[in-house]
Each structure stands twice: as structure tokens, then as C-alpha cells.
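Structural overview for review
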Amino acid sequence: MIKIREVDLFENLKRKFDIRIENCPRMFLDKGNELNSVQKDMKCIVKREYSAFDEHLTDDTELKCDTELNHIKPDIYLLRVKKEDIRQILRYLKNSEEYFFERLDCMVCCDRKKDLEIMYLLQSDKYNVKCGIRVEIDKKENQIATVSDIFSNANLEEREIYDLFGIKFINHPDLKRIFMPEDFVGHPLRKDFIIQRLN
Amino acid sequence: MINSFFNPVKELFRGLYITAKNSLKDNVTLLYPEKKKNMNKFFRGKIQYIKENCIKCKLCQRVCPSKNTIQIDKYYSINYAQCIFCGNCVEYCPRQALILTPNYELASENKNDLIFKEELI
Amino acid sequence: MEKILTDRMRINIGPQHPSTHGVMRMIVDLDGETVENVETVIGYLHRGMEKMAETSTYIQYLPIVDRIDYLSGFFCSYAYVNGIELLMDIEISEKSKYIRTITMELNRMASHLLWLGCFMMDLGASSPFFYTFIEREKILDIFENLTGNRMMYNYYTFGGVKRDIDKENLYAIKKFSDEFVFALKDLEELINYNPIFISRTKNLGILEKECAYAYSITGVNLRASGIKKDLRKDKPYLIYENIEFNVPISENKDVQARYILRIKELKESNKIVQQCIDWLLTNLNNKNIITDVKPLTLKPEGIAISEVESSRGLMQCIIYADGTLNPYRIKWRTPSFYNVQIINEISKGYLLSDLIAIFGSLDIIMPEVDR
């Protein structure tokens, strides 16, 4: 097991893509810093990068940290990324020498009532680090790109998420229902699908 | 060449020796239904209701995993066709109005035999 | 002599079959008698465990968790209870940690014994099936005296265990564990040197390292390919830091290596059980098995990920809790769901009867796949 640098694990990734760090484990912070000061630094860095590309920002854009369900035990990294960058980020995290996340443990999908959300759990055995990457998906146009050619075990996972939640995956080799019968109408694990008792 | 002939024969006799040794041990099966096994006091069989201790607090209905098994309105009724015999209601009752019995032979031909009802005043 | 031209044939190994462990359907493309392509169809045992959690409270869901994998009920129960204890910051006492470890290791031994009996039955030998089930009956009798039932235990709760271990149970476990060494030696002599067994399982179903990482395989299937990964040694959870045991690995990647590793794991579990008994016999007057927590009005908040090394691989339970009496979403990551996907990769080019031996050595249980 190789020891990693203790501060700013995702510094290189921040420079290339637009990500937002929601939870930083306490052991990776400097002594004396609290979580709020790390978030303030994040705001400054991202604002500087945006203004370099000439985009207009006001103060109440979505740079404030989302406080819905960020409290996670045990203490691991949680990132939130955009839906269009997910394939490049996962390929970069798998192949680069400093991160080397070689295994996708599982994909968790959750129905918050305004949108859907998928969390990818990655695990690195070389550095003994775990990380969770969250993506938001709108309910009207529910599509996202597949990752089954980067990690091979995402094949059956994406079929299960299509069956139970209704999210379509673009360029998946074989997208059909897996648990429910073929002529079933509806998606069971959504919050507006209510089970009635036959008594 | 001779080794490849004698090796399977040697292994055949080794296997036969072990099965012959095991066939001379005692029996492990029990001739049911003439002889039955004794259960100890924690065995989760049929659940029995004692009316004198009950204070109608409805805690047993709140902790049951299959939600329509215990119903309390004019009658106190337990539906043994839906019960999974987990023991939660016995554990959470504050006055010990439900006890466990070692009776596990509950098969019947009529579904109405399996519903237990008693009047509450 | 001219070569006979054959055509491909598609046959169906149906959902009811004596050698698919559970209900699973395989559609096999055959060329003569060699296997070209295998497609698996699952979903015959879907019971809706994850949807049931959204309408139950935390106490109502606890007896249902044992039924996710009925052969290792203590592991699934521990994964759920540990997740809630992480969210509410509950500490458990040392005696309950030892009781949890000894029941989990006995459960691992019972699960491996059933696998051994069914695997030899698939290959055609019917005597080892009865010998392993004699040993398994003794373990299930111990559990019946301790918890009240042979398979669905309902024994762990938030903050500890429900009932104490007394002297008679400990002496019964000690007697079983002393006699188990000789019974295992008999089984090894019966099976290991048989020339039919060796020629049916050697150099078959080879799993490479890159394939194992790409499909996220854990457990004995990964250790038989030469990679040393065990959650009990990497991130030790209950009291595994104070106990001496080894983790066996093997460099051959075939079916015979997986068989030998599971026999070695049975011996290591026996060693762990004996060390735990010694500690428990010296601390008999310690009655501190449960910490005070109010289970009927639990309202945790946050996300919890708790993992355990089960008898088939790594099992995780991910809980989303939002501060009300019902959980918001519970997801189970079970190891058999990922073992199903590699049947197609490792069985190309072998005969049809080899496919049954390879499928039996992966140790797949259908209620874990379908939930």
C-alpha cells in the first residue's frame, strides 16, 4: 500500500473539468482548517477559471455547496460532476498513474423527488482510497452515456437501473429488462409507483 | 506404464476403505413421526395469546414485519398463514401477553382454521 | 478422411434443473459438443427487497434482512446493523464483538460445507454429500439452541446481540470444533487423490487477472488467481486484529485451485473459532452484551456504507436516511451478481460437461443475484 500526498487529492482533476467537492475526509485537511474554509477556496478557484473563459457569473449561481445528504459515514470523498463529462472523468481516473482507481464497486440510483441521481463508487487498491461520484439526471429527458466499455461490470448494472428507474443509456449493447417480465408497464422503484395490497 | 495401471487401483481401494469405515458408524437419522426431537425453551413455534395480561397498547402490531398479520379492533386476531415466526412481537410486549410454544405442526386443509380470534371487551 | 461439417445448435438449460443452484436459465450455442457462447437469463426470484424497505420502519426491516442470502444470514444482518450503528455513533461492548465473530465464522463453515456437497454431486459423486451434511447438522443444532431457529436467526440488534451465550453452548461448540479436524481429514483423503476428480478439474476455467479486475470479482475466486485481497486483513473490523490466522492464495487459476482454497478456509475458520472460545470461557461473568439505545424511535440522517467479507465475496449495504422513521433508499451490493457475468468469458472452448463443473465452482446463489 503506497501512501499518497495528504492534501488536495483531486487537484489535477479540478484544473481540467468542472467538478465540485462536497465532502473532504478530515484526515486530508490541514490541521486547524475546518470544512467551510475548503469550500471557500473552491469557490475562488472555480470562479477564476470561469472568468478566464469569459462566462458571466453572478453571485447566486450554483456554487454554494448542496446540503442535501452530504453527511457520509465512513469519511470518504464525494464529488459532483456534470452529466456530459462523466466518460472522460472515469477514463482518466482509471488509467492515470496518480489515481489508479481500478475497480467500480457498484452504481446506486436514488429518486429525489425533483430529479434522479446516480452515484458511482470507485475503489483503489493500490492507494487504499474510496471515492463517490454523483451525477444529476433530469426526469423529462432521462438519458446518460454508458460506461460499460470502460468498466465491464456496468453492463448488468445499467440494465437493472433501466428496468427499475427508467433511465436510458446511450450506446449500450443490449438494453432490455432484467427482473420484471418483458411486457411490464411502469418502473417500480420510483416514488410515484405505489404497491397495493390484495386482501 | 505399470505405474499408470496400479495407481487407479490403489486409489479405488483407498476410497472403498473410507466409505466402509463410515458405514460402520451409528445412525444419524431420526424415525419421524414415531420419535420426535425435544425443543428447548427459545424455539420459535406457534405464538399464544394470554388475555389477562394484555393492556391493548398495539405495540405488537407496530413491530410486525408482515403488516396485516395482527389486527386489533373488536377482536384480537392473528393470521398464521401470513406470520413468518420471527419473534418480534413476543420480545417487544411490555406485559408478556404473548408466549412462544414448541408447536410446529400447523398444516391444515382449510384456510379459515389458521386464523385465531378472540373477543376483546 | 474428410472432416465432417457440423452446424451450430442452440439448446436451453432451463430454469428448473438439478445442477443450476437455484433458478437460472442458460442459452448455450454448441458446435458439435464444444461451447461457443453462453447467455444467462436471471430474474426468476425477484422479491422486491429494496422496495419493501421504503414502507417499513427500521425494526420491521430487521427480520427480512436474513432472507437476502439464506445460507449466510449472519453476514447480511451484520452489514445492515453496522450501517445504522455508524450513523448514530453507537459503540458496542467487547463481549458482543466476540459473540458476533464466533457466529459469523461458524456460518461461513456451514456455507462452505453445503457448497462442497453440491459441487461433488454435480460431478457425479454422491457419498460426500451425506458426509458434509452430517457436519452441517451439528452446526445448525448449535444455532437452534442459541437463537431459536435453524436458518433465519433474527439475533443481532442495534447495539449488540439479544441473548447471552451460556456454558452449555460453549462446551458444545468446543466439542464440535475438536472433532471437525478428523472429519475434514477423511473427506480430503476421499476426494483429493481420485484420478477421475483430478482429470475433470485440472486446467479448466482459467480466470486471468485483468478479467478479474474488469468485472470486480472478490472473494475466493479472486484469491485463486494469485491476488491477495481480504477485507479482514486490509481494513479489520470486529476483533480480527487480535487473532492470528492466514489468508491462503494460489497461483493456478483453475477449478481445482478454488476447491483447494475453500478446504483451506474451513481449517482457518476452525482456528478462529477455537481462539474465540478460549476468550469467552475466561470471561463468563461479564454480562454486558447490549448498549442502551431506543430502537422504536430511531431517526438517523446521512449516507452510510458498511461492508463485510461474506462467504462468497464482498457484500455492501448502502443506506440513504433522511431523518424520518422509514429509510429513504437501501441498496445491496451482493457478490453473486458479478460472478454471473464471467461465465461467458471463462468457458469458451470447453465441452458441455465442463460447463457444469465450472459453473459449480464459482459458488453462485440465486437469491443474492435477484434480491
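Residues numbered from 1 in each chain as written. Chains lettered and ligands numbered in written order. Predicted model: local features only at pLDDT ≥ 70, side-chain atom pairs only at ≥ 80, totals over all residues. Heavy atoms only, no water.

A separate point is the overall build of chain A. Scanning chain A from terminus to terminus reveals 4 helices and 8 strands. Taking all 199 residues of chain A together, 48% fall into the buried category. Here the contacts in chain A between residues at least 6 apart in sequence split such that 59% fall between residues at least 24 apart. Roughly 11,000 Å² of accessible area belongs to chain A as shown, and the carbon and sulfur atoms make up 50% of that amount. (Helix = DSSP H or I, 4+ residues; strand = E, 2+ residues; numbered from the N terminus. Buried < 20%, exposed > 50% of the residue type's maximum accessible area, 1.4 Å probe, protein only. Contact = heavy atoms within 4.5 Å. Areas by Shrake-Rupley, 256 points an atom, 1.4 Å probe, with all protein chains shown as cover.)

Moving on, we get to the interface of chain C and chain A. Facing 38 residues of chain C, the contacting portion of chain A comprises 44 residues. Carbon and sulfur atoms supply 57% of the area that chain C and chain A bury against each other, a total of about 3,600 Å² over both sides. Of the charged contacts in the structure, one is a salt bridge between lysine 130 of chain A and glutamate 307 of chain C, with a shortest N-O distance of 3.1 Å. Taken together, the links from chain C to chain A amount to 14 residue pairs in polar contact (both at pLDDT 80 or more). Broken down by element, the side of chain C that touches chain A gets its largest block of residues, 6 residues, from strand S6 (residues 301-309) of chain C. The sheet contact formed by strand S2 (residues 72-73) of chain A and S6 of chain C spans 2 bridges and is parallel. Bridging from a neighbouring strand, lysine 73 of chain A pairs with alanine 304 of chain C of S6 of chain C. (Buried area = accessible area lost by both parts, 1.4 Å probe. Salt bridge = Lys/Arg side-chain N within 4 Å of Asp/Glu carboxyl O. Polar contact = N/O pair within 3.5 Å; in protein donor to acceptor, adjacent residues only side chain to side chain. Pairing = 2+ DSSP bridges.)

Turning our eyes to something else, we now look at the interface of chain B and chain C. Between chain B and chain C, the residue contacts involve 27 residues of the former and 28 residues of the latter. Across the chain B to chain C interface the summed buried area is about 2,400 Å²; carbon plus sulfur atoms make up 52%. Broken down residue by residue, the surface that chain B buries against chain C is led by Ile18, Phe42 and Arg44 of chain B, which jointly contribute 22%. Viewed at the interface, chain C and chain B are joined by 5 salt bridges. In this structure, the salt-bridge partner of aspartate 186 of chain C is lysine 21 of chain B, at a minimum N-O distance of 3.5 Å. In this structure, the connection of chain B to chain C is made through 11 residue pairs in polar contact (both at pLDDT 80 or more). At the level of elements, helix H1 (3-23), helix H2 (59-62) and helix H3 (88-92) of chain B are the ones that each hand at least two residues to the side of chain B that touches chain C. With 8 residues, H1 of chain B is the largest single contributor of residues to the side of chain B that touches chain C. Here the side of chain B that touches chain C is built from residues that sort into 13 nonpolar, 6 polar and 8 charged. (Nonpolar A, V, L, I, M, F, W, Y, C, P; charged D, E, K, R; others polar.)

Residue and element names in this part refer to chain C. The terminal C-alpha atoms of helix H5 (residues 167-191), which comprises 25 residues, lie 37 Å apart, in line with the 36 Å expected from a rise of 1.5 Å per residue. Where H5 bends most, the angle comes to about 30°, and this point is phenylalanine 180. Buried within H5 are the following residues: Asn169, Leu170, Ile173, Phe176, Ser177, Phe180, Leu184, Asp186, Leu187, Glu188, Leu190 and Ile191. (Expected span 1.5 Å × (residues − 1). Bend = angle between axes of the 7 residues up to and from the residue.)

Residues and elements named next belong to chain C. As for its placement among the helices and strands, tyrosine 44 is situated in the loop between strand S3 (34-41) and helix H1 (49-52). Note on tyrosine 44: relative accessible area 41%, which makes it partly exposed. Excluding anything up to four places from it in sequence, tyrosine 44 contacts Pro15, Val23, Arg25 and Asp370.

This brings us to the pairing of strand S3 (residues 75-79) of chain B. Residues and elements named next belong to chain B. Of all the 5 residues making up S3, 4 are buried; the element is thus mostly covered by neighbouring parts of the structure. Here strand S2 (residues 70-72) pairs with S3 via 3 bridges, running antiparallel. Each residue of the ladder has a partner; that of glutamine 71, found in S3, is serine 77. Hairpin remark: S2 followed by S3, antiparallel, with 2 residues in the connecting loop. Where S3 lies against strand S5 (residues 115-119), 5 bridges are found, and the strand directions are antiparallel. The partner of asparagine 79 across the bridge, within S5, is isoleucine 115.

Before going further, it helps to spend a moment on the pattern of salt bridges. Applying the stated criterion across every chain, the model contains 44 salt bridges over all chains. Here arginine 103 of chain A makes a salt bridge to aspartate 105 of chain A, at a shortest N to O gap of 3.3 Å. Neither arginine 103 of chain A nor aspartate 105 of chain A differs from the other in exposure class; each is buried. For the salt bridge of arginine 112 of chain A with glutamate 117 of chain A, the shortest nitrogen-to-oxygen distance reads 3.9 Å. The pair formed by arginine 112 of chain A and glutamate 117 of chain A is uniform in burial state, with each residue classed as buried. What emerges from the salt-bridge pattern is a single network uniting Glu105, Arg108, Arg223, Asp230, Arg232, Glu265 and Glu309 of chain C.

Describing an aromatic ring pair means giving the distance of the ring centres and the angle of the ring planes. All names here are of chain C. Tallied over the full model, the rule gives 21 aromatic pairs over all chains. Taken together, a centroid distance of 5.1 Å and an interplanar angle of 10° make the contact between tryptophan 115 and phenylalanine 119 stacked. A residue pair is termed a helical-turn pair when its members lie 3 or 4 positions apart in one helix, as tryptophan 115 and phenylalanine 119 do in helix H3 (residues 94-123) at 4 residues. Centre to centre, the rings of phenylalanine 176 and phenylalanine 180 are 5.6 Å apart; their planes meet at 35°, and the pair counts as tilted. Placement of the pair is phenylalanine 176 and phenylalanine 180 together in helix H5, with a separation of 4 residues, close to one helical turn. Taken as a pair, phenylalanine 176 and phenylalanine 180 share a single burial class, namely buried. Joined through ring pairs, the aromatic side chains of Phe74, Phe143, Tyr153, Tyr155 and Tyr156 make up one cluster. When the ring centre of phenylalanine 245 is taken as reference, the NZ or CZ atom of lysine 233 above it lies at 4.3 Å. (Phe/Tyr/Trp six-rings, centres within 6.5 Å; stacked < 30°, edge-to-face > 60°. Lys NZ or Arg CZ within 6 Å of the ring centre and 35° of its normal.)

Turning our attention to the side chain of serine 269 of chain C. Residue and element names in this part refer to chain C. With respect to the secondary-structure elements, serine 269 resides in helix H10 (residues 255-282). Using a relative accessible area of 3% as the deciding quantity, one classes serine 269 as buried. In this structure the side chain of serine 269 is engaged in a polar contact, spanning 3.0 Å, whose partner is the side chain of glutamate 105. Ignoring any residue separated from it by four or fewer positions in sequence, one finds serine 269 in contact with Glu105, Arg108 and Met109.

Nothing here speaks to function; it is geometry throughout.
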